[in-house]
2 protein chains.
Amino acid sequence: MASGQLSRAEALACAGCRHACHVMLYSDTKTQLFGKIPIKHIILMQMRFDGLLGFPGGLVNPAEETLEGGLGRELLEELGVAIPVSIEDHVDSCYAPESSRLITHFYVKKMEEEQIREVERAAASTATDHGQEVLGMVRVPLYVTKGGGGLSSFLSHSFIGNARSQLVDAVLRFNLVDPEELHKVLVCSLKTHAHTAEDLQAALALTEAKRKRF
Amino acid sequence: MASGQLSRAEALACAGCRHACHVMLYSDTKTQLFGKIPIKHIILMQMRFDGLLGFPGGLVNPAEETLEGGLGRELLEELGVAIPVSIEDHVDSCYAPESSRLITHFYVKKMEEEQIREVERAAASTATDHGQEVLGMVRVPLYVTKGGGGLSSFLSHSFIGNARSQLVDAVLRFNLVDPEELHKVLVCSLKTHAHTAEDLQAALALTEAKRKRF
């Protein structure tokens, strides 16, 4: 196990720890972008209430429910449909980067493309958390476009906790992106990220000018 | 007019220029996050096929259609519902940051909250571009949460072209966020953005380790 990771049993034995469970729902797809770029796989993530990207899920209380039961409860609230997640879907557990008293449990569940579409429809219509804890569901692009965009731009965004590393780890573990390709993608993400810094400084200067004018 | 901006007439007179039209759809809302933080306004943006955040819209050909007609065509494809945008909704035109031969036209249209919800439902179900040019619609959080998240985290993401400055400009122009508040938010965005850099480096190191193992 990599550093920081712990077994499910060790995690559950941790006294006074809080537990958060999240799941990566994904499917294969034969669809092509612009009729020529294979999309390959659809992975669902969400824009959270705090403006960060993350996986569906949330805090679970093992004293009152199983990890998977609690995760199922969170998914129903956030996605508007019941999605059974089982212990076989468990991928890893580790301490959250920002706190040694919070353990994050990560699950990966493969679905059919039509089920993913149903989740998206329900998340925008019947989910009680829509517009509240969840600001919208987004698909993760796993391809690289001609201009170098796609996965690299997506990975340059801001993510909650360890969500970005969970995503990177999962695409490698389930062979959704070639490791060499992912390495190039991340180098490109750092460039996009650096460009964003300049852009943010420009927005700050614009606001500064408006502050004086208003 | 600020530097780089031009009038609608000047823009249309530009020989050999391409034109892109985008719209910020928004509504007021009385909803509160967690029953206590006023959400105030709902603004729609989208995760684009290239992994960047942007406003709905796209390229328009003024030789074949009006700017607003072309924008309406793009909105129908991306959002799955017809949304009439008129010349009165036009806010500004300017040269795109990456090319002096591309002019971006920005519109802002106020709607009812229920209309925004209908757009979200249609975008995830009937829109032809769903899962293709559009990976999902997201609401922009305009509030600041207790932990400092919300708008600041959202603005730390990567945006296409001048979409971030269009957003910042529009929230000031339509008084959706106080200028002093927005200034603090952007300072906080820069901190989140810096934190993302470390996180991205960690993801790169993880991939590097996996490359050797696989």
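Bear in mind that the values here come from a model prediction, so they are computed numbers and not experimental data.

Each value, and the rule that gives it
Residues numbered from 1 in each chain as written. Chains lettered and ligands numbered in written order. Predicted model: local features only at pLDDT ≥ 70, side-chain atom pairs only at ≥ 80, totals over all residues. Heavy atoms only, no water. Salt bridge = Lys/Arg side-chain N within 4 Å of Asp/Glu carboxyl O. Helix = DSSP H or I, 4+ residues; strand = E, 2+ residues; numbered from the N terminus. Buried < 20%, exposed > 50% of the residue type's maximum accessible area, 1.4 Å probe, protein only. 1 Å grid on protein atoms, 1.4 Å probe; cavity = no way out; pocket = protein on both sides within 12 Å on 5 of 7 lines; lining within 4 Å. Points joined across faces, edges and corners; volume = space filled by probe spheres on them. Nonpolar A, V, L, I, M, F, W, Y, C, P; charged D, E, K, R; others polar. Disulfide = S-S within 2.5 Å. Phe/Tyr/Trp six-rings, centres within 6.5 Å; stacked < 30°, edge-to-face > 60°. Least-squares fit on C-alpha atoms with pLDDT ≥ 70 in both. Contact = heavy atoms within 4.5 Å. Buried area = accessible area lost by both parts, 1.4 Å probe.

Draft legend 1. Just the pattern of salt bridges, in detail. According to the stated counting rule, one finds 21 salt bridges over all chains in the structure shown. Close ionic contact of R121 of chain A with E118 of chain A constitutes a salt bridge, the shortest N to O distance being 3.2 Å. Remark: E118 of chain A and R121 of chain A occur in helix α3 (residues 113-123); sequence separation between them is three residues, near one turn of the helix. For E68 of chain B, the salt bridge identified is with R8 of chain B, shortest N-O distance 2.5 Å. Taken together, the positions of E68 of chain B in helix α2 (residues 67-79) and R8 of chain B in helix α1 (residues 8-13) put the pair 60 residues apart, joining distant regions of the chain. On the basis of relative accessible area, R8 of chain B is assigned to the partly exposed category, the value being 21%. Connected through salt bridges with shared partners, the residues E65, R73, E74 and E77 of chain A form a single ionic network.

Draft legend 2. A look at unusual backbone geometry. All names here are of chain A. Non-glycine residue K40 carries a positive phi angle of around 70°. For K40, the position within the fold is in the loop between β4 (37-38) and β5 (41-48). Residue classification places K40 among the partly exposed positions, given a relative accessible area of 47%.

Draft legend 3. Representation of empty space enclosed by the protein in the model. Evaluation of the coordinates by the stated rule reveals two cavities of 30 Å³ or more. Here the largest cavity is characterised by a volume of approximately 180 Å³. Those elements giving two or more residues to the lining of the largest cavity turn out to be α3 and β10 (134-140) of chain A together with α3 (113-123) and β10 (134-140) of chain B. Here the element with the most residues in the lining of the largest cavity is β10 of chain B; it accounts for four residues. Among the residues making up the lining of the largest cavity, the classes are represented as nine nonpolar, four polar and three charged. Taken as a whole, the second largest cavity holds about 40 Å³ of empty space. Contributing to the lining of the second largest cavity are G131 and L135 of chain A together with I39, H41, I42, R139, V140, P141 and Y143 of chain B. Elements that contribute at least two residues to the lining of the second largest cavity include exactly β5 (41-48) and β10 of chain B. Residue composition of the lining of the second largest cavity, grouped by class: six nonpolar, two polar and one charged.

Draft legend 4. Layout of the state of the cysteines. Residues and elements named next belong to chain A. The tally for this structure, following the rule as stated, stands at two disulfides over all chains. Note that C14 is cross-linked by a disulfide to C17, the S-S spacing being 2.0 Å. The disulfide joining C14 to C17 has a torsion of about 45° about its S-S bond and is therefore right-handed. What makes C17 buried here is its relative accessible area of 12%. Free of any disulfide, C21 has its nearest neighbouring cysteine sulfur in C94, separated by 12 Å. By relative accessible area, C21 is classed as buried at 0%.

Draft legend 5. Representation of the packing of aromatic side chains in the model. Residues and elements named next belong to chain A. By the definition in use, this model includes eight aromatic pairs over all chains. Measuring from ring centre to ring centre gives 5.8 Å for F154 and F159, while their planes differ by 70°; the resulting arrangement is edge-to-face. We classify F154 as buried; its relative accessible area is 0%.

Draft legend 6. Inspection of the relation of the copies chain A and chain B at higher detail. Once chain A has been moved 0.0 Å along the axis and rotated by 180°, it coincides with chain B to within an RMSD of 0.0 Å. Within this description, the copies of the chain are treated as partners about a two-fold rotation axis. If distances are taken from each C-alpha of chain A to the rotation axis, the shortest is found for H157 of chain A, at 2.2 Å. With an isologous cut-off of 70% or more, the 100% of interface residues of chain A that recur at the interface of chain B puts this contact in the isologous class.

Draft legend 7. Region of the structure containing the interface of chain A and chain B. On the chain B side, the residues contacting the 66 residues of chain A number 66 residues. Both faces considered, chain A and chain B share a buried interface measuring about 5900 Å² in area, 62% of it formed by carbon and sulfur atoms. Inspection of the chain A/chain B interface yields two salt bridges. A salt bridge links D199 of chain A to R164 of chain B; the nearest nitrogen and oxygen atoms lie 2.8 Å apart. Put simply, the parts of the chain that give the side of chain A that touches chain B at least two residues each are β3 (32-33), α3, β10, α4 (151-155), α5 (163-173) and α6 (179-213) of chain A. Among the elements that take part in the side of chain A that touches chain B, α6 of chain A stands out by supplying 22 residues, more than any other.

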